[in-house]
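Below, each chain spelled out in residue letters.
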Amino acid sequence: MLIATGKVIAGTLKVDEDSLPEGATVTVLVLEGDETFELSSEKEAVLLAAIGEADRGETTSAADLMKQIRRKLSHTNGQGFLWRS
């Protein structure tokens, strides 16, 4: 995961030239006013652990994730989702 900061100029997002690889798909979060992002200490620990996993390359490909979802959906009882771990 990469984090890049940029600025909107004339309706276009501008980031440092070498910040992102060509063709990268990005998600843009925009702060509105003085809003903050707050987590409980438990949720912060979960987030930090997940970031650590990503930094170590411990990720799941989109194709594998879709396989896992399909497998779990095939085990529903017809009354919605039954997620089992």
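In the block above lies the structure referred to throughout.
First, a word on scope: everything that follows refers to the structure included in this document. (Residues numbered from 1 in each chain as written. Predicted model: local features only at pLDDT ≥ 70, side-chain atom pairs only at ≥ 80, totals over all residues. Heavy atoms only, no water.)

**Focus: the overall build of the protein chain**
Point 1. Helix and strand content of the protein chain: two helices and two strands.
Point 2. Split by element, the accessible area of the protein chain, about 8,200 Å² in all, is 55% carbon and sulfur. (Helix = DSSP H or I, 4+ residues; strand = E, 2+ residues; numbered from the N terminus. Areas by Shrake-Rupley, 256 points an atom, 1.4 Å probe, with all protein chains shown as cover.)

**Comments concerning the pattern of salt bridges**
Point 1. Taken as a whole, this structure holds one salt bridge when the rule is applied.
Point 2. The closest approach of N and O atoms between Arg56 and Glu58, which form a salt bridge, is 2.9 Å.
Point 3. Overall, Arg56 belongs to the exposed group, its relative accessible area being 54%.
Point 4. Given the relative accessible area of 46%, Glu58 is considered partly exposed. (Salt bridge = Lys/Arg side-chain N within 4 Å of Asp/Glu carboxyl O. Buried < 20%, exposed > 50% of the residue type's maximum accessible area, 1.4 Å probe, protein only.)

**Some details on the pairing of strand S2 (residues 12-15)**
Point 1. Looking at chain direction, strand S1 (residues 6-9) and S2 are connected through four bridges and run antiparallel. Paired with Lys7 across the strands is Lys14, a residue of S2.
Point 2. Where S1 hands over to S2, the hairpin turn is made up of two residues, of which Ala10 adopts a positive phi near 55 degrees. (Pairing = 2+ DSSP bridges.)

**Focus: unusual backbone geometry**
Point 1. Of note in the backbone geometry, Ala10 takes a positive phi value of approximately 55 degrees without being a glycine.
Point 2. As for its placement among the helices and strands, Ala10 is situated in the loop between S1 and S2.
Point 3. What makes Ala10 exposed here is its relative accessible area of 80%.

**Side note on a nonpolar patch on the surface**
Point 1. Judged by side-chain polarity, Leu2, Val8, Leu13, Val15, Leu20, Val26, Val28 and Val30 come together as a nonpolar surface patch covering roughly 690 Å² of accessible area.
Point 2. Topologically, Val26 is positioned in the loop between S2 and helix H1 (41-55). (Patch = residues over 30% accessible without salt bridge, like charges linked within 9 Å, V, L, I, M, F, W, Y side chains within 5 Å.)

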